[in-house]
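Okay, here's what each chain looks like letter by letter:
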Amino acid sequence: MSVTTEPQFPPTPMVRPFSEPSRGLAHCYRELHLAATGTAEQKKALGDLRMLPRPWDPTSIREPQLRRELWTWLDQVVDWLNVEYVWDVVGIIPPCWPQHPHLVHEIAVLADQRRRAGLGFTSDALEEWHRYSLPAFTERLRTRLKDHCEEGHSDWPARGRHNRHAAEHASQQRDTAFSNDEALAKSTRRDPSETLRLHLVDTGHLTPEVVDLETGEILGDGDE
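Structural notes on the packing of aromatic side chains
Under the criterion given, the structure shown has five aromatic pairs. With centroids separated by 6.3 Å and ring planes inclined at 85°, the aromatic side chains of Phe18 and Trp73 adopt a geometry described as edge-to-face. Residue Phe18 is located in the segment before helix 1 (23-37), and its partner Trp73 is located in helix 3 (residues 64-84); the two are separated by 55 residues in the primary sequence. Each of the two residues, Phe18 as well as Trp73, counts as buried. Between Trp80 and Tyr85 the ring centres are 5.3 Å apart and the planes differ by 65°, which places this aromatic pair in the edge-to-face class. A residue is classified by how much of its surface remains accessible, and Trp80, at 3% relative accessible area, is buried. Under the relative-accessibility criterion, Tyr85 is labelled partly exposed at 33%. Among the aromatic residues, those joined into a ring-pair cluster are Phe18, Trp73, Trp80, Tyr85 and Trp129. Above the face of the Trp129 ring, Arg114 is positioned so that its terminal group lies 5.8 Å from the ring centre. Stacked on the ring of Tyr29, the Lys or Arg Arg115 has its end atom at 3.4 Å from the ring centre.

What to know about the packing of helix 4 (residues 101-118) against helix 5 (residues 124-145)
At a minimum axis distance of 10 Å, the contact between helix 4 and helix 5 shows a crossing angle of 170°. By the criterion of interaxial angle, the relationship of helix 4 to helix 5 is roughly antiparallel. In contact with His102, Leu103, Glu106, Ile107, Leu110, Gln113, Arg114 and Ala117 of helix 4, helix 5 contributes Ala125, Leu126, Trp129, Ser133, Leu134, Phe137, Arg140, Leu141, Arg144 and Leu145. In the contact of helix 4 with helix 5, the residues fall into eleven nonpolar, three polar and four charged.

Calculation rules
Residues numbered from 1 in each chain as written. Predicted model: local features only at pLDDT ≥ 70, side-chain atom pairs only at ≥ 80, totals over all residues. Heavy atoms only, no water. Phe/Tyr/Trp six-rings, centres within 6.5 Å; stacked < 30°, edge-to-face > 60°. Helix = DSSP H or I, 4+ residues; strand = E, 2+ residues; numbered from the N terminus. Buried < 20%, exposed > 50% of the residue type's maximum accessible area, 1.4 Å probe, protein only. Lys NZ or Arg CZ within 6 Å of the ring centre and 35° of its normal. Axes fitted to C-alpha atoms, helices over the stretch in contact; angles between N-to-C directions. Parallel < 35°, antiparallel > 145°, perpendicular 65-115°, else oblique. Contact = heavy atoms within 4.5 Å. Nonpolar A, V, L, I, M, F, W, Y, C, P; charged D, E, K, R; others polar.

Quick look at the structure:
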């Protein structure tokens, strides 16, 4: 009589740890922490705080090596997400994610929020990430990609409409609309010197009245 045995698998951890950012990115986070909570002297030493690289906003990182470190970290996070949190194929982040700007922006934020949640001294932030951040990202992923990129990267379906938007005649039409609106605003704008002369006063009526402070003339109700 044959005996059926369970297949043997090499021992592996039940869960994989979250991918930690590189040394360069960790330095960015230290500077950002000082910018938020440091002393006046520490903040001054950082220079222009508006120029500090923010890993959750890839466009803020201009140094080439640091950008490469960010892409490497985000790719590790994508692999971690696909293994640890995806069971059905519809939730998989495709390998062509770097060719989808909307995914690049969102994955950067998702990775940063997961990093912060993991640093908490309670589970509250991680529960928020599980309950809101990750499901919301997954839903947007499904809505935007639909069935594209299942077998390989698909070209941008909206490229034709974008090209029409960027065409010269369409740009001129929008510029004309902007100019017309600007001209209308100028024609209806009240003279600043007149505005300074007018004042709302309570004369006992149901609504305050507008009074010319130079002449004392009552010009009408304030809500006219």
